Amino acid sequence: MPKELSRIAAQVRASTTIAIDTKYKEMKAAGMDVIGFGAGEPDFDTPDNIKMEAIRAIGSNFTRYTPAAGTLELREAVCTRLEKDCGVSYKPNEVVVSNGAKQSLFLALSALVDPGDEVIIAAPYWVSYYELIRMVGGVPVIVECGETSGWKMTADMLRAAITPKTKAFILNNPSNPSGVVYTTGELSDLARVCVESDVYIIADEIYYKLVYGDARFTSIAALGEDVKRLTILINGVSKSYAMTGWRIGYSAAAPEIAKVISNLQSHMSSAPNSIAQKAATEALTASQSSIELMRRAFEARREYFIERVSEVPDVKIIPPDGAFYVMMDISAFIGRTLGGVEIHNADDFADAFLTAGHVALVPCTGFGAPKHVRWSYATSLENIKLGLDRLESFLFAK
Ligand code: PMP
Ligand code: GLU
């Protein structure tokens, strides 16, 4: 009888976002007319100048291990970009580049958390936070941030969740899945609570370039040295530069934290991919105009989506200010039959919509919001139109 697998590993559930995306891609490959609003991945191609840099890297044999924390050139580029865009100043020895922001998050948690330590997350939360915390032996503490607070964590909610075991608070701004963008005042209140209680802030700002309308992004690390000292800032090129497959993310933190992260990484993956680092350097240092074009396209899609969905009876949304997601409340359909299936929760809804309506959405059950589904509008306007037509037929077909 083989011995049991690791208890920590066995309790980790597969990522719902990745699972939905895989199912959608399989259906598509089988020739089905299915539309994907599942995984949050820009539909744009990586800009040409970035791709060319990778080709040049291969041609010039930039194909060997780099320093564990990433090339100095890329870490300098990260520092310059953070200074320009976020008004926060880091040195290259405070930056570690990893194979995607997901790995940066895992390493940040590994650097901070001992078994039994608590890490606070705001529900709805991105599915991977919960599992990543458990993967390092931590205890996720979920704070329900209802629709009345606009899905936002307030300073009072955060204070009430802190115990002597609290090690860190994960702040996702702009947020996946809610699209919430925190104001400077709200961030400053949250930061004060963390400083008062010496709680680390893991600030996942990967969607920072994607804010719309009157919303403005503020990096929490820019709110003072005392806040910055406690912050591990997480960012990357996946979303803003349409580079999800290149797998480059980074963390920025006090040098002693960055050192630990780099040490861990040196054993885990040696270093990030050398070619992708060249491409990411180009992304961060070249003109940002193609990025702004993508942002505007997302903004137009968001507007269309909000307008159209507001005409659909019985579904509700809180218009998002950032990222490229909309959470839709489907509680009015619980107990009804759709596509031949009785709907008990968001999982049933998403399953039935995919099978009967040929539209892939992510149920927010794994995000701590079991009566919501998430649409990613990182897809063309035509697809959005068609997807919403299909939603109406699915919900109200006679
Ligand atoms: N943080 C959030 C909130 C995300 O939605 C994602 C999506 N993948 C990531 C981090 C990880 O990004 P990466 O592709 O760089 O691993
Ligand atoms: N973060 C994206 C999402 O939420 C991509 C998939 C993933 O990494 O989870 O859909």
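The coordinates are above.
A few points on the structure. Predicted, not measured: the structure shown is a model, and the values here were computed from it.

The antiparallel open sheet is built from 4 strands, whose spatial order is 9-10-15-14. This sheet does not close on itself; its edge strands, each paired only once, are strand 9 (316-317) and strand 14 (362-363).

Hydrogen bonds along the backbone pair up the strands of a sheet, which may run parallel or antiparallel. The strand order across the open sheet built from 7 strands is 2-8-7-6-5-3-4, with neighbouring strands paired in mixed fashion. One side of each edge strand has no neighbouring strand; the edge strands of this open sheet are strand 2 (95-98) and strand 4 (139-144). For this sheet the average axis-to-axis angle between neighbouring strands, irrespective of direction, equals 20°. Where strand 2 meets strand 8 (residues 249-252), 4 bridges bridge the pair, whose relative direction is antiparallel. Each residue of the ladder has a partner; that of Val97, found in strand 8, is Tyr250. Docked against the sheet, helix 6 (residues 127-135) engages strand 3 (118-123), strand 4, strand 5 (166-172) and strand 6 (200-204), running at close to 150° with respect to strand 4.

This brings us to the packing of aromatic side chains. Under the counting rule described, the total for this entry stands at 17 aromatic pairs. An angle of 90° between the planes, with centres 5.6 Å apart, marks the rings of Phe349 and Phe394 as edge-to-face. Here the residue Phe349 occupies a position in helix 13 (residues 346-357), and Phe394 occupies one in helix 14 (residues 381-396), the gap between them amounting to 45 residues. Classification of Phe349 as buried rests on a relative accessible area of 0%. Each member of the aromatic cluster is reached from another via a ring pair, and the members are Phe37, Phe305, Phe333, Phe349, Phe353, Trp375, Phe394 and Phe396. Taking NZ or CZ as reference, Lys152 lies 5.7 Å from the ring centre of Tyr182, over its face. The ring of Tyr304 has Lys385 sitting right over it, with the charged end atom 5.6 Å from the ring centre.

Now for the site of ligand 1. In the vicinity of ligand 1, 13 residues are found, and the nearest of them are Ala101, Asn176, Asp204, Tyr207 and Arg247. Between a nitrogen atom of ligand 1 and a side-chain N or O atom of Asp204, the distance comes to 2.6 Å. At 2.8 Å from an oxygen atom of ligand 1 is found a side-chain nitrogen or oxygen belonging to Ser238. Most atoms of ligand 1, that is more than half of them, are within 2 Å of grid points of the largest pocket. Looking at side-chain class alone, the shell around ligand 1 contains 5 nonpolar, 4 polar and 4 charged residues.

For the rest of this paragraph, the subject is the site of ligand 2. Looking at ligand 2, the residues that line it are Ser15, Thr17, Ile18, Ala39, Gly40, Lys102, Trp126, Asn176, Tyr207, Lys239, Tyr325 and Arg374. Gly40 places a polar main-chain atom, nitrogen or oxygen, 2.7 Å from an oxygen atom of ligand 2. Burial of ligand 2 by the protein chains amounts to 89% of its free accessible area of 280 Å². Taking a 2 Å distance to the grid points as the criterion, the majority of the atoms of ligand 2 fall inside the largest pocket. Counted by class, the shell around ligand 2 contains 5 nonpolar, 4 polar and 3 charged residues.

So, on to empty space enclosed by the protein. This structure, assessed with the given rule, holds 2 cavities of 30 Å³ or more. Estimates place the volume of the largest cavity at around 130 Å³. As for the largest cavity, its lining consists of 17 residues, and the residues nearest its centre are Ala122, Pro124, Asn172, Ser175 and Tyr182. Listing elements by their share of the lining of the largest cavity, those giving two or more residues are strand 3 and strand 5. Each pocket or cavity is described by its volume, and for the second largest cavity that value is around 40 Å³. Lining the second largest cavity are Pro47, Asn49, Ile50, Tyr241, Glu282, Ala283, Ala286, Ser287, Gln288, Ser290 and Ile291. For the lining of the second largest cavity, the secondary structure elements donating two or more residues are helix 3 (48-59), helix 11 (274-285) and helix 12 (289-309). A per-class count over the lining of the second largest cavity returns 6 nonpolar, 4 polar and 1 charged.

Time to look at the side chain of Ser15. Of note, Ser15 is situated in the loop between helix 1 (7-10) and helix 2 (16-29). Classification of Ser15 as buried rests on a relative accessible area of 19%. A polar contact is formed between the side chain of Ser15 and the backbone nitrogen of Ile18, at a distance of 3.2 Å.

For the rest of this paragraph, the subject is the nonpolar core. Nonpolar side chains in soluble globular proteins tend to end up buried together. Counting 137 residues, the largest nonpolar core has Met153, Phe349 and Trp375 as its most contacted members. Ranked by residue count, the leading element in this core is helix 5 (residues 101-112), at 7 residues. Beyond its immediate stretch of four places on either side in the chain, Phe349 contacts Met328, Ile330, Leu338, Ile343, Leu361, Val373, Leu391, Phe394 and Leu395.

To continue, consider the pairing of strand 15 (residues 372-376). Most of strand 15 is tucked away: 5 of the 5 residues are buried. Burial of the side chains of strand 15 extends over both faces: His372, Arg374 and Ser376 are buried on one face and Val373 and Trp375 on the other. As defined by bridge partners, strand 10 (residues 325-329) adjoins strand 15 across 5 bridges and the pair is classed as antiparallel. Within strand 15, the position partnered with Asp329 by the bridge is His372.

Scoring rules and cut-offs
Residues numbered from 1 in each chain as written. Chains lettered and ligands numbered in written order. Predicted model: local features only at pLDDT ≥ 70, side-chain atom pairs only at ≥ 80, totals over all residues. Heavy atoms only, no water. Pairing = 2+ DSSP bridges. Helix = DSSP H or I, 4+ residues; strand = E, 2+ residues; numbered from the N terminus. Axes fitted to C-alpha atoms, helices over the stretch in contact; angles between N-to-C directions. Contact = heavy atoms within 4.5 Å. Phe/Tyr/Trp six-rings, centres within 6.5 Å; stacked < 30°, edge-to-face > 60°. Buried < 20%, exposed > 50% of the residue type's maximum accessible area, 1.4 Å probe, protein only. Lys NZ or Arg CZ within 6 Å of the ring centre and 35° of its normal. Near = heavy atom within 4 Å. Polar contact = N/O pair within 3.5 Å; in protein donor to acceptor, adjacent residues only side chain to side chain. 1 Å grid on protein atoms, 1.4 Å probe; cavity = no way out; pocket = protein on both sides within 12 Å on 5 of 7 lines; lining within 4 Å. Sits in = over half its atoms within 2 Å of the grid points. Nonpolar A, V, L, I, M, F, W, Y, C, P; charged D, E, K, R; others polar. Areas by Shrake-Rupley, 256 points an atom, 1.4 Å probe, with all protein chains shown as cover. Points joined across faces, edges and corners; volume = space filled by probe spheres on them. Core = buried A, V, L, I, M, F, W, Y, C linked by side-chain atoms within 4.5 Å.

Interpretation note: all reported values are geometric properties and have no functional meaning in isolation.
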